[in-house]
Amino acid sequence: MIAAFARSLVAGAVVSGTPLLYATLAEVIGERAGVVNLGLEGVMLMGAVVGFVTTVHTGSAAAGVLAAALAGAAFNALFAWLVVDRRANQLATGLALMFCGVGLSALIGAPYIGRPITGLAELRVPGLASIPVLGPALFVHDALVYAAVPVAVATWWALFWTRWGLAVRAVGENPVAAFAAGRSPRAVQYQALVLAGLLAGIAGAHLSIGVAKTWAEWMTAGRGFIAVALVVFARWQPLRAIAGAFLFGGAISLQLQLQARGVPISPFVLDMLPYVLSLAVLAAWGGMGRQAAPGSLGRVFQGQR
Amino acid sequence: MIVGGGLAGLAGMAEVSAIQGRLRPSLSPGYGYTGFLISWMAAGHPAGIVGAAFVLAVITAGGDILQMTQALPGSVANILMAVLLFVVLGRSGARS
């Protein structure tokens, strides 16, 4: 009984945490370049719907993930054009992008509601999957789950150990200084936002192709906003994002497990559980988070490009 | 902030008691986010808030009519709203 509960809890945490991790990494990359994207929810939805439709028509989940990543990148490029080239307010543009993604994905997905797909296959890791309790919980998942932590490590490496990452962080801290040093803040922000769009698209695809294996309107259900909050929790560090995403995934998993087992707590209180947890964590960490934020986060660079 | 919270509470009260007539778990389909965008579009002018709120309300109501008559999901109205906002946002940024 307890072993079964623990197994479902851990497996659920891993599955719920994976799209959150991809989305959080996307937001970390964008914010490190000085751009807040509140439209992450819309980008994820576009990835989810385009990935699902592609999988229905090609029968290949891999093609679906690829199409989702490209759709996310294209959608985020629209955001980049508005905030970088048109110098629009980032917060308001992000929310408008979310509304656009909600509407567009509902329109594209309407004929596909209820269509079943095979989706991403579960891969058993030979040997490790036979470990009692933890084996089935951690080592029987789809490929995107296994790729999530390596992608987080790769993001950390790219941001902190490459010249490109140095440019991204320089632009996020102070675009004027980066410009004076010969970097183009415009090019760097475009690159960061397109890369973020790729990851956010994959996050959406994992929901529609990997977990639910179906399309439903607004199926991200606020995960894009959770990811924006997790960036503060992670203090803009990709490696801390791993902990944040899976902790929050665990809270969602706990809520679902308690509900499935008919624990006599109001379902609305259980719905609240992951958000109460994130509010509590943000309140406890607030002071530290502010110092870790990139210096020019959210500001519009007015100089030459 | 306290007055703002009070006004937001009034908005919820109006939706529950005047429009829906009952309490449902999901009674505000993104109105909070829309409110943020309206206040941004109005740039702090109370008269602008009325105008911007009216324009976005017309679009939202249009979405409900589309859902009833055209077999389209009601949220397609969000696309029109977003395009309108993109234009306003893109122009305002270039001006400053």
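Counting starts from 1 at the beginning of each chain's written sequence and moves along it residue by residue. Note on labels: chains are lettered from A, ligands numbered from 1, in written order. Per-residue local features of the predicted model are confined to residues with pLDDT of at least 70, and side-chain atom pairs are confined, for both listing and counting, to 80 or more; whole-chain, interface and lining totals are unaffected and use all residues. Only hydrogens and water are removed before side-chain values are computed, so all heavy atoms of the structure are retained for them.

S.K.: Even after reading the chapter, I still don't get helix α10 (residues 223-233) of chain A, so can you show me in this structure?
M.R.: Every α-helix carries 3.6 residues per turn, so stepping three or four residues along brings you back to the same face. Residues and elements named next belong to chain A. Accessible area is worked out with a 1.4 Å probe on protein chains only. A residue is then buried under 20% of its type maximum, exposed over 50%, and partly exposed in between. Numbered from the N terminus, helices here are DSSP runs of H or I no shorter than four residues, and strands are runs of E no shorter than two. Burial analysis of α10 places nine of its 11 residues in the buried class, the great majority of the element. Taken residue by residue, α10 has Arg-223, Gly-224, Phe-225, Ile-226, Ala-227, Val-228, Leu-230, Val-231 and Phe-233 as its buried positions. Just beyond α10, the residue with positive phi is Arg-235, at close to 50°.

S.K.: Would you mind showing me how to read the interface of chain B and chain A here?
M.R.: Many structure descriptions define interface size as the accessible area lost when the parts assemble. When checking whether two residues touch, look at their non-hydrogen atoms; a contact exists if any pair is within 4.5 Å. The interface is formed by 23 residues belonging to chain B together with 25 residues belonging to chain A. Once two parts are joined, some of their accessible surface, as seen by a 1.4 Å probe, is lost; buried area is that loss totalled over both. Summed over both partners, the interface of chain B with chain A comes to about 2,000 Å²; 79% of that surface belongs to carbon and sulfur atoms. Among the residues chain B hides against chain A, the three largest losses belong to Tyr33(B), Ile79(B) and Phe86(B). Together they make up 29% of the total. By convention in these notes, a salt bridge is any Lys or Arg side-chain nitrogen within 4 Å of a carboxyl oxygen on Asp or Glu. On the surface where chain B and chain A come into contact, there are zero salt bridges. Any pair of N or O atoms that falls within 3.5 Å is considered a polar contact. Within protein, one atom must be able to donate a hydrogen and the other to accept it, and sequence-neighbouring residues count only if both atoms are side-chain atoms. Linking chain B to chain A there are two residue pairs in polar contact (both at pLDDT 80 or more). For the side of chain B that touches chain A, the secondary-structure elements that each account for two or more residues are α2 (31-42) and α4 (77-95) of chain B. The element that contributes the greatest number of residues to the side of chain B that touches chain A is α4(B), accounting for 11 residues. Just so you know the grouping, Ala, Val, Leu, Ile, Met, Phe, Trp, Tyr, Cys and Pro go in nonpolar, Asp, Glu, Lys and Arg go in charged, and all remaining residues, Gly too, go in polar. Residue classes in the side of chain B that touches chain A are distributed as 15 nonpolar, seven polar and one charged.

S.K.: Help me understand the packing of helix α6 (residues 143-161) of chain A against helix α7 (residues 163-173) of chain A in this model?
M.R.: To characterise two packed helices, one gives the angle between the axes of the helices and the distance between these axes. Residue and element names in this part refer to chain A. What counts as an axis is a line fitted to C-alpha atoms, over the stretch in contact for a helix, and the angles between N-to-C directions run from 0 to 180 degrees. Closest axis-to-axis distance for the α6/α7 pair is 5 Å, and the angle between their directions is 75°. It follows from the interaxial angle that α6 and α7 lie roughly perpendicular. Contact residues: Ala-158, Leu-159 and Phe-160 in α6; Trp-164, Gly-165, Leu-166, Val-168 and Arg-169 in α7. Tallied by class, residues from the contact of α6 with α7 come to six nonpolar, one polar and one charged. Small angles under 35 degrees read as roughly parallel and large ones over 145 as roughly antiparallel, with 65 to 115 read as roughly perpendicular and the rest as oblique.

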